[in-house]
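So the chains spell out like this:
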Amino acid sequence: DMDAFLEFYHYDQDDLHEHWSGDEDQDWTDGLDKNNNGTYSYLADDGLWYIEPGEYAGDDVGLDGVGPADINYNGPDEGECNHMPDFIEGVGCEPNFAFTDVSEADMVGLTAFAMFDWPTWQEWNIMLGQDKVVWELMDSHNLGEYKFFRSTSSLYEVFASTSFPFYKGRTERISMGMLFAYENLSTIRASSHYAPKIFRLKETAQVIYERDYRFAQPPLMPTLSATAGDGKVILTWDDLSDRRTHEPFLQNINDFEGYKLYRATDKMFSDPEVITTGQGDKAARLPLFQCDIADRKTGYAEYGLVEGMAFYLGDDTGIRHYFIDDDVQNGVTYYYAVVAYDYGVEDLGVSPTENNIVIELDEAEEIVRIGQNVAVVTPHPRAAGYTAPDIVIDETATSSTILPGSIIPELVDVKSVQPNHTYKVTFLADTVGHLRTERYRYPLDAQIGTSGFKVWDITSGRPKPIYEESPESFTEDHLIYDSDLDFWFLNMSEPVFTDIIDGFQLQIAVTFDSVEVDWAHSGWITGQAPIFVTSGYETRFYPYSYEIHFTGGDEQYQTKTTTTSSIKHTDGTNLSRRNVLLENQYDFYVINKSAVDSMGNYEKLDLLTYDVNENGVYEWDQDIVLAGYCIDDGARVRWSGTIFSIDFRNVGGEEYLPKANDVFQVRLKRPFTESDSLVFTVNPEVIDEPKDIRTTMDSIRVVPNPYIATNAMETAVANKFLNQRRRIIFTHIPAKCEIRIFTSSGVLVDEIFVNNEPTNGLVHWDLLSREGLEIAAGMYIYHVKSTITGDEQIGKFAVIK
């Protein structure tokens, strides 16, 4: 029935085309093998399979039904990239073909249906144990509808297909959907029998069915890691969700949109479940933190509403993979879950979806299993005797152009630290115009910007890249693109914080987009003479760091420039020839601390005199010395650019002039370039330091003290038939110690043998005796003894019921 066929599949006559038998609805899609190499995929160095650039597998993915854009792809299989649909009975089938095309006309159909409750069953006199009666009911070709239920007893369904030939070796499949919804009873009992929720489910189910059960799926689930700190929790997750997600419902495009982080103090995650539908039903959780791709998909998704509730897509913050929660209390157990979400399908009215949160509990409400995106963590103070790792910057290996405080590596997650590892931070640069890395005759206007950075682990001597932010991939709004200049630069509005890398985080603070003198870090290294150093107009073309070394006359620097033409003062004006003095000698010289020659010596700048009073003689108390670069073209030496001036006119007398071995440094602020790098090493933690154990044990406390009935650290119990799990904590204890608890009369109540991680200075006690009985109200004595040093601490606490 061609008309029925076209109507069912929403086709026009022009949509029909030649197709393979088994693809009657003509929706099997061939792939594009652009380079004709017989495959759509390649195995990368990271051990993962990727789809080849510019190619598309379509449904031509082989018998396993999994293509290179799918998450669980393990390489090509039989039938992949042969440009025809494949199906082998009992082995497999490609999507949208044969038995995987569930909406096609060759499916076994539903021909009989009956629904009845116990009273109806009795009226019909149906004996479900009799084969003949049941066969006739199933073969009745009657699709019955049951409208009025007269009891709350068991509900029965019979659904069947009529008899059909079933040949040896053949496989037939049955698809079945069961929809349940909680409707308003008054609307159902009304004459219209209005039930909007169940019909909305029916619409969704029909869409899923017609797409061969290729559901709209949430992104690939992230893996969450949590580290307990002192009054904080550090949470990190991987980037597989935003990097490897593919939506089969949308032809395998990556529809990842963002992350939401939830926090709860109960295992049911009921704390954040505060968002309701228009009917008042709890429907969604309020995230503690949310970040999303800056793709202009923001605000509420006005499609796929659930009883008036819309999914919030975010604010174009950009993506990051960490969160530090400092709004926590030591000793309280927190439950975190990070979910990745997509942007839904607006055209089909499919709401955005996010990952599930899985915490399995047993009958005692103890955790049996948690999902990979869930973490359970209790923040705690550091253990007595523990000293955290620290970072040491290698000043000799770090570029002199890296200003102090502009890049700060900080340890954040001590659990992830790689001790004794050395790291190097390098930069990418973007340039408009020509930066003067060569000695151009005349300055050319230029702008330089930091367009990204990399972190390398150089411990083994072979640098291994472990982190990168570049125009292809960067966190949040760290990099900004200027479309007018086609130019990338680092965001300077606020410090840039990277994701957490091997337990540390980089803070990069750049507050300038051009070259200028950093007077805060310039000045005397040795000496204190009152000289004036002024940067020049051309300083920006030579963005390096410099030092002025004074010799006291033991060494003289001779001017190299031989022509007085095209020499600028620091204000950018051209100096008259009569104002320039050459062939002078000076008892100081200037070196570029950022560059060395072939012999390993620092490059020296040239010096000449600005003859202020035009008397033709260099006078230190009357004239100004210019420091800059020159170019030897073989015929003569030309001045190339004035970097800064040195002015002694206000010194006040010869006795105040710089002395031998005095050094004045000139530091320049500028965007980072490829020549810049920062090198640092992570020193290991110190565990069970005896002297620290002795001093810290004085800080041991019992919390709360007194204990009164309950406290916020105790886990909520949902089952009213279970007892409240009481507990107190001992804080600032050694990681390895023994705790004994006595009554005020000296009777031993309980013993706790502590073997914590080195960082953890906290342990809980359940207020139960050694026999598992609840303790009585009263005063108790505790005794803590370090198993490392033998140091002891005694205290007391009260219990009030």
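Residues numbered from 1 in each chain as written. Predicted model: local features only at pLDDT ≥ 70, side-chain atom pairs only at ≥ 80, totals over all residues. Heavy atoms only, no water.

Moving on: the sheet that holds strand β34 (residues 580-581). Spatial strand order, β31-β40-β39-β38-β34: 5 strands in an open sheet with antiparallel pairing. Of all strands in the sheet, those with a lone pairing partner are β31 (532-535) and β34, marking the two edges. Sheet analysis places β31 next to strand β40 (residues 637-647), joined by 4 bridges and oriented antiparallel. Among the inter-strand pairings, V533 is bridged to a residue of β40, identified as I646. (Pairing = 2+ DSSP bridges. Helix = DSSP H or I, 4+ residues; strand = E, 2+ residues; numbered from the N terminus.)

Another point: the side chain of N355. Mapped onto the fold, N355 is located in the loop between β16 (334-342) and β17 (359-361). Assessed through its relative accessible area of 6%, N355 is described here as buried. Polar side-chain contacts of N355 include one of 2.8 Å to the backbone oxygen of P219. Discounting residues that sit within four places of it in the chain, N355 has contacts with P218, P219, L220, M221, P222, V339, A340 and N373. (Buried < 20%, exposed > 50% of the residue type's maximum accessible area, 1.4 Å probe, protein only. Polar contact = N/O pair within 3.5 Å; in protein donor to acceptor, adjacent residues only side chain to side chain. Contact = heavy atoms within 4.5 Å.)

Okay, the packing of aromatic side chains next. Taken as a whole and assessed by the stated rule, the structure comprises 28 aromatic pairs. Aromatic side chains F550 and F588 sit 5.4 Å apart centroid to centroid with 45 degrees between the ring planes, which places their arrangement in the tilted category. Separated by 38 residues along the polypeptide, F550 in strand β32 (residues 546-550) and F588 in strand β36 (residues 588-596) bring together distant segments of the chain. Taking the relative accessible area as the measure of exposure, F588 reaches 2% and is therefore buried. The interplanar angle of 20 degrees and the centroid separation of 5.7 Å between the aromatic rings of Y780 and F797 together place this pair among those described as stacked. Here F797 lies in strand β51 (residues 792-800) and Y780 lies in strand β50 (residues 778-786), a separation of 17 residues in the sequence. In terms of burial, Y780 and F797 fall into one category: buried. In this structure an aromatic cluster arises from ring pairing among W524, F550, Y586, F588, Y618, F648 and F664. Across the ring face of F311, the terminal group of K260 is positioned such that the distance to the ring centre comes to 3.8 Å. (Phe/Tyr/Trp six-rings, centres within 6.5 Å; stacked < 30°, edge-to-face > 60°. Lys NZ or Arg CZ within 6 Å of the ring centre and 35° of its normal.)

Before going further, it helps to spend a moment on the state of the cysteines. One pass over the structure, following the stated rule, counts 0 disulfides. Looking at C93, it has no disulfide partner, and the nearest cysteine sulfur is the one in C81, 17 Å off. The exposure class of C93 is buried, given its relative accessible area of 6%. (Disulfide = S-S within 2.5 Å.)

Read across the sheet, 3 strands follow the order β7-β8-β15 without closing on themselves; strand pairing throughout is antiparallel. This sheet does not close on itself; its edge strands, each paired only once, are β7 (224-228) and β15 (322-325). On average, adjacent strands in this sheet sit at an angle of 15 degrees to one another, irrespective of strand direction. As defined by bridge partners, β7 adjoins strand β8 (residues 233-237) across 5 bridges and the pair is classed as antiparallel. Looking across to β8, one finds that A226 is bridged to L235. (Axes fitted to C-alpha atoms, helices over the stretch in contact; angles between N-to-C directions.)

Right, let's get into the pairing of strand β14 (residues 309-312). Two elements, strand β13 (residues 300-306) and β14, share 3 bridges in a ladder whose sense is antiparallel. Looking at the pairing, A301 lines up with F311 of β14. The turn linking β13 back onto β14 is made up of 2 residues, and E307 within it adopts a positive phi angle of 50 degrees.

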